[in-house]
Amino acid sequence: MSTWRLLLSHMRPSWRQLLLGGLLNLITTASGLAIPLAAERLISGLGTDAPQMGVLVVMAVLVTVTAVVGPLGTYVLRRAAESIVLTARRRLTSHLLRLRISEFDRMEPGDLISRVTSDTTMLRQVSTDSLIGTATGTITLVVTVVLMCVLDPVLSVVTLGVLLIAGWIVRSVMSRVNEASTAAQDSLGRVGASVERVLGALRTIKASGAERAEEAAVHAAAQNAWQASVRAAKWLALAGNTAELAMQIALFTVLGVGGARVASGALEAGTLIAFLMYVFYLVPAIQQLIGGISQYALGAAAITRIRAVERLAAETEGPGGRHSRNEDEPAELSFHDVHFRYGPELPAVHTGVTFHVPSRGMTAFVGPSGAGKTSIFSLIERFYDPSSGSIHLDGRPIKEWDVGELRSAIGYVEQDAPVISGSLRENLLLGCPDATDAQLQQVLRTARLDGLVEHLPQGLDTLVGHRGTKLSGGQRQRVAIARALLRRPRLLLLDEATSQLDAVNEAALRDAVADVSRTTTVLIAAHRLSTIAMADRIIVLDGGAVQAIGTHNQLVSTCPLYAELATTQFLEVTR
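By convention here, each chain's residues receive numbers from 1 onward along its written sequence. Given that the model is predicted, a residue must reach a pLDDT of at least 70 before its local features are reported, and side-chain atom pairs must reach 80 or more before they are shown or counted; all residues, however, enter totals for whole chains, interfaces and linings. Each side-chain value is worked out from all heavy atoms of the structure, with water and hydrogens disregarded.

Caption draft 1: How the structure looks around the overall build of the chain. Only runs of H or I of at least four residues qualify as helices and only runs of E of at least two qualify as strands under DSSP, and these elements are numbered from the N terminus. Per the secondary structure count, the chain includes 19 helices and ten strands. Within the chain, buried positions represent 48% of all 575 residues. Throughout, a contact is declared for two residues whenever any of their heavy atoms are within 4.5 Å. At a minimum sequence separation of 6, the contacts of the chain that also span at least 24 residues come to 78%. For the chain, the accessible surface area stands at approximately 28100 Å², while carbon and sulfur atoms represent 59% of it. Remark: exposure states derive from per-residue accessible area (1.4 Å probe, protein chains only) relative to the maximum for the residue type, with buried under 20%, exposed over 50%, and partly exposed in between. Using a 1.4 Å probe, accessible areas were evaluated by the Shrake-Rupley method; residue-level cover was limited to the displayed protein chains.

Caption draft 2: Structural context of a nonpolar patch on the surface. Here, patches come from residues exposed beyond 30% relative accessible area and free of salt bridges, joined within 9 Å for like charges and within 5 Å for nonpolar side chains (Val, Leu, Ile, Met, Phe, Trp, Tyr). One speaks of a salt bridge when a side-chain nitrogen belonging to Lys or Arg is within 4 Å of a carboxyl oxygen belonging to Asp or Glu. A contiguous nonpolar surface patch, about 510 Å² in accessible area, is contributed by W15, L19, L23, L26, I139 and V143. Breaking the nonpolar patch down by element, the ones donating at least two residues are α2 (15-44) and α5 (109-151). Looking at the nonpolar patch, the element that brings in the most residues is α2, giving four residues. Looking at where V143 falls in the secondary structure, it is placed in helix α5.

Caption draft 3: Here's a closer look at the sheet that holds strand β10 (residues 545-550). One requirement defines pairing of two strands: DSSP has to find at least two bridges between them. Taken in spatial order, the six strands line up as β6-β7-β8-β3-β9-β10 in an open sheet, and their pairing is mixed. Strand pairing shows two members of the sheet lacking a second neighbour, β6 (410-413) and β10, which therefore form its edges. For this sheet, the mean inter-axis angle between neighbouring strands, taken without regard to orientation, is 15 degrees. With five bridges connecting them, strand β9 (residues 537-542) and β10 associate as antiparallel partners. The partner of I538 across the bridge, within β10, is G550. Axis geometry follows a simple rule: fit a line to the C-alpha atoms, using only the stretch in contact for helices, then measure angles between N-to-C directions, giving values from 0 to 180 degrees. Helix α19 (residues 560-568) contacts β3 (361-366), β9 and β10 of the sheet and is inclined by roughly 100 degrees relative to β9.

Caption draft 4: Examining the environment of I410 more closely. Take I410: it is sitting in strand β6. Distance in space between the C-alpha atoms of I410 and R487 is 8.2 Å, their sequence separation being 77 residues. The contact partners of I410, leaving out residues within four places of it in the chain, are I380, E381, R487, P489, L491 and L493.

Caption draft 5: Molecular detail of the packing of aromatic side chains. Stacked, edge-to-face and tilted are the three classes for Phe, Tyr and Trp ring pairs, Trp counted by its six-membered ring, which pair at centre distances within 6.5 Å; planes under 30 degrees apart are stacked, over 60 edge-to-face, the rest tilted. Inspection of the entire model under this criterion finds eight aromatic pairs. Between the aromatic rings of F355 and F365, the centroid separation amounts to 5.4 Å while the plane-to-plane angle is 70 degrees, which identifies the pairing as edge-to-face. A residue pair is termed long-range when its members are at least 10 positions apart, and F355 in strand β2 (residues 350-357) and F365 in strand β3 qualify at ten residues. For F365, a relative accessible area of 0% puts it in the buried group. Both rings, one in F383 and one in Y412, keep their centres 6.2 Å apart while their planes meet at 45 degrees; by these two values the pair is tilted. Remark: Y412 occurs in strand β6 and F383 occurs in the loop between α10 (373-380) and β4 (388-393); sequence separation between them is 29 residues. Take F383 and Y412: they sit in the same class, and that class is buried.

Caption draft 6: Region of the structure containing the environment of L485. Looking at where L485 falls in the secondary structure, it is placed in helix α15 (residues 473-486). Sequence-wise, L485 and T446 are 39 residues apart; in three dimensions their C-alpha atoms are separated by 8.8 Å. Ignoring any residue separated from it by four or fewer positions in sequence, one finds L485 in contact with V443, T446, L492 and V516.

Caption draft 7: Expanded view of the packing of helix α13 (residues 437-446) against α15. Close contact between α13 and α15 brings their axes to 9 Å; oriented N to C, the two are set at 135 degrees. As summarised for this structure, α13 and α15 are arranged oblique, according to the angle between their axes. In this structure, the crossing between α13 and α15 has a hand that is right-handed. Facing Q439, L440, V443 and T446 of α13, the residues of α15 in contact are A482, L485 and L486. Residue classes in the contact of α13 with α15 are distributed as five nonpolar, two polar and no charged. Roughly parallel means an angle under 35 degrees; roughly antiparallel means over 145; roughly perpendicular covers 65 to 115; every other angle is labelled oblique. Handedness of each helix crossing follows the sense of rotation of the near helix against the far helix: counterclockwise by less than a right angle gives left-handed, clockwise gives right-handed. Residues are sorted three ways: Asp, Glu, Lys and Arg are charged, Ala, Val, Leu, Ile, Met, Phe, Trp, Tyr, Cys and Pro are nonpolar, and all the rest, Gly among them, are polar.

Caption draft 8: Highlighting the sheet that holds strand β5 (residues 396-397). Spatial ordering of the open sheet is given by β2-β1-β4-β5, a layout of four strands whose pairing is antiparallel. The outermost strands of the open sheet, each flanked by one partner alone, are β2 and β5. Across the face of the sheet, α10 comes into contact with β1 (333-340), β2 and β4 while running at roughly 110 degrees to β1.

Caption draft 9: Representation of the pairing of β3. Of all six residues making up β3, six are buried, and the element is well covered by its neighbours. Judged by which residues are buried, β3 turns out to be covered on both faces: G361, T363 and F365 on one side and M362, A364 and V366 on the other are all buried. Bridge analysis of β3 against strand β8 (residues 521-525) gives five bridges, and the strand direction is parallel. Residue M362 lies in a different strand from β8, and its bridge partner there is V522. Of the strand pairs in this sheet, β3 and β9 are connected by four bridges, and their pairing is parallel. Counterpart to V366 in the pairing with β9 is V540.

Caption draft 10: Expanded view of the pattern of salt bridges. This model, assessed by the stated rule, comprises twelve salt bridges. A salt bridge links R106 to E103, with the nearest nitrogen and oxygen atoms 2.3 Å apart. E315 is paired through a salt bridge with R407; the nearest N and O atoms lie 2.5 Å apart. Of this pair, E315 sits in the loop between α9 (269-310) and β1 while R407 sits in helix α11 (residues 403-408), and the two are 92 residues apart along the sequence. One salt-bridge network, held together by shared partners, links R100, R382 and D385.

Caption draft 11: Up close: the environment of G21. Structurally, the position occupied by G21 is in helix α2. Accessibility expressed as a relative area gives 0% for G21, which makes it buried. With 107 residues separating them in the primary sequence, G21 and T128 have C-alpha atoms 9.2 Å apart. Not counting residues up to four positions away in its chain, the partners in contact with G21 are G73, V76 and L77.

Caption draft 12: Representation of the side chain of T520. Locating T520 in the fold gives a position in the loop between α16 (503-516) and β8. Using a relative accessible area of 8% as the deciding quantity, one classes T520 as buried. Those residues in contact with T520 that lie beyond four places of it in its chain are P330, R360, G361, P489, R490, L491 and L492.

Caption draft 13: The nonpolar core, seen in detail. Take the buried Ala, Val, Leu, Ile, Met, Phe, Trp, Tyr and Cys residues and link them wherever side-chain atoms come within 4.5 Å; each set so joined is a nonpolar core. Among the nonpolar cores identified, the biggest contains 51 residues, and L424, L428, L494, I538, V540 and Y562 are the most heavily contacted of them. With seven residues, α15 is the single largest residue contributor to this core. Core analysis: the next-biggest nonpolar cluster, separate from the first, contains 30 residues, F365, L379, F383 and W401 among them.

Purely geometric stuff here, so don't read any function into it on its own.
Below is the structure:
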């Protein structure tokens, strides 16, 4: 029932088209079922002097209606099916974009792509061939059987006896089809995940000489998908061949029994011909019915996978409402006894983090690797929620903020500075599509990208390649910084934002960030002492908790951990 509810929810926007297509199909079916009756009337009247022109005209009209309305009904249904696929893809994509990061972490991106592409495609068949096809096939089958019983009950009993035996066999096979189809869809998702894994790290794989090993892994996934699909095809073929064999046996039986009844005078030749025509009508009706059931078995597996994604937790919006501070005023941030871990089975990252960051100025986070610096930024962005404790922005718990409103106040430069496929302009305008050219030029100068743009063949419209592969690591970092600054954030988060820059560019951007901190609250996680020492306050993290807070000069003399880090692990000394 849950599968049907999900299917109907996707079909609801296209119900008018589906209804129209179904009605056109029924009109086609009715016209086709009336032709044998007209044929019987024509054949019975050949031995009399009764005029046959009227019967011929009726038959011509019925054939014309079948020929014209049939393709029209098919087109309407196919169009409705494509609309259902479009609706499903839009809905699924929208949900994926709003997934909680913790949910996304549990999934394989390639498998999610498979659910948006191949799984949604199955809705095309299940909505038309399964739902409409099964309904039309059932009506055609029932009406045909009734008309056959009216024509000759004896031949009808013989035909139905054969079909009931075939139906029992097909019913037993369809459970196997459902199991095999589910396995095939899951295997196909694993193929997508394997391919995405390889393409997402192609340079690393080539540099490691791991092409053959990864090739074998992808081939193994493809082999498993092939085996699952072959099993499904085997059971589908068995179901279809059983139905076809049953129809052939029924046809030969009707010919034998009917011929004997015509010879004995118990049945007229015209009635036998009409009955045989109805037997031929049973073939597509039963095939349509079995095809609809088969497509449902295939589609049910896809729908189950779509439903699994739609059940993944999405980000929830807060109660909203405007905060008390002016939109241009720098943000104020505080953590209160925050505990956090990425999963119940994983070790704690934070075990009671508490600190306060006033409005304006630069605050640096330092500590050994794994101290939880990046995790603090993820909690501020609400990619994750703390296990306990609270985080306040402008004196208000961030859980009460609308997610969109919260992130619109924050500029975030991630550690790996991701760049998306497309042009340089599209990357810069990603978070601020309405920015003016003047604003764009300003951030280009601030991030020291103006020289790069001048040398690019198409300027800002130059394509940067998949994940920015046409840019160097330092250039990608500068793009990420410019993108964040273009949003004019009230809170700027910089996670190792200058780690791949040369000394000249790093010094220039360090000065730019210092200027920004006069009007914005800046949080920075860095390893370069030249960057850390200029901060207004430094928060030292270790063991999941805050060890000390102060300026560089204060911490060197009062915090042994900071003094050790400054002496042995930071990459530069203060100039």
